[in-house]
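Fold and geometry: a report
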Amino acid sequence: MTADVRKWPGRENPRRPAARPRAILAEAVAALGAAARDAVATLHAALTEDSAAVRVRAAAVLLGALPNLAEFAELSDRIAALEAALTPEGRNAA
C-alpha cells in the first residue's frame, strides 16, 4: 500500500512538519524544563522535612529518576556518535 501524499497549501514539503508547530513544541519543552527544575527543587527541599515518610518518598522519587536520565544521556551520546559518522548524503564514511 502506498501513501498518497499531496502538497498542502503553504507548505513546501508535506512530509515535513510546519515551523509553527515546532515552535509551539519548543515552547512546551521549555516550560516542562522549568517545571521539572521546580519539581526537583521541591523534592530536594522535602529531603529536610521533619516527617521521615516525606523524606523517604522524596529520596525514592529522586533516585528513581536516575536510571531514566542515565539512559537518556547514553542514547543521546550514541545518536551524536552515529550522526558524526554519517556523511551529508547519509552514508557511512569509509
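So, here's what we can say about the structure. Remember, predicted model here, so these are calculated numbers, not experimental data. (Residues numbered from 1 in each chain as written. Predicted model: local features only at pLDDT ≥ 70, side-chain atom pairs only at ≥ 80, totals over all residues. Heavy atoms only, no water.)

Before going further, it helps to examine the overall build of the protein chain. Across its full length, the protein chain holds two helices and zero strands. Counting all 94 residues of the protein chain, 3% fall into the buried class. Summed over its atoms, the accessible surface of the protein chain is roughly 8300 Å², and 62% of this surface lies on carbon and sulfur atoms. (Helix = DSSP H or I, 4+ residues; strand = E, 2+ residues; numbered from the N terminus. Buried < 20%, exposed > 50% of the residue type's maximum accessible area, 1.4 Å probe, protein only. Areas by Shrake-Rupley, 256 points an atom, 1.4 Å probe, with all protein chains shown as cover.)

Moving on, we get to the environment of Ala45. With respect to the helices and strands, Ala45 occurs in helix H1 (residues 19-46). Sequence separation between Ala45 and Ala58 is 13 residues; the distance between their C-alpha atoms is 8.7 Å.

Quick look at the environment of Arg57 now. In this structure, Arg57 sits in helix H2 (residues 52-85). For the pair formed by Arg57 and Leu47, sequence separation is ten residues and the distance between their alpha carbons is 8.6 Å.

As a further point, take the pattern of salt bridges. Counted according to the given criterion, the structure contains one salt bridge. With its nearest N and O atoms 3.8 Å apart, the salt bridge here joins Arg78 to Glu74. Taken together, the positions of Arg78 and Glu74, both in helix H2 and four residues apart, correspond to about one turn of that helix. Judged by relative accessible area, which is 52%, Arg78 ranks as exposed. Glu74 sits in the partly exposed class, given a relative accessible area of 46%. (Salt bridge = Lys/Arg side-chain N within 4 Å of Asp/Glu carboxyl O.)

The next point concerns H2. A rise of 1.5 Å per residue sets the reference length of H2, with its 34 residues, at 50 Å; its end C-alpha atoms lie 50 Å apart and thus fit the reference within 8%. Of the residues flanking the start of H2, the one acting as N-cap is Ser51, its side-chain oxygen 3.3 Å from the backbone nitrogen of Ala53. (Expected span 1.5 Å × (residues − 1). Polar contact = N/O pair within 3.5 Å; in protein donor to acceptor, adjacent residues only side chain to side chain.)

So, about a nonpolar patch on the surface. Residues Leu63, Leu66 and Leu69 make up a contiguous nonpolar surface patch of roughly 320 Å² in combined accessible area. Tracing the chain through its elements places Leu66 in helix H2. The class of Leu66 is partly exposed, set by a relative accessible area of 47%. (Patch = residues over 30% accessible without salt bridge, like charges linked within 9 Å, V, L, I, M, F, W, Y side chains within 5 Å.)

Taken by themselves, the reported measurements are silent on function.
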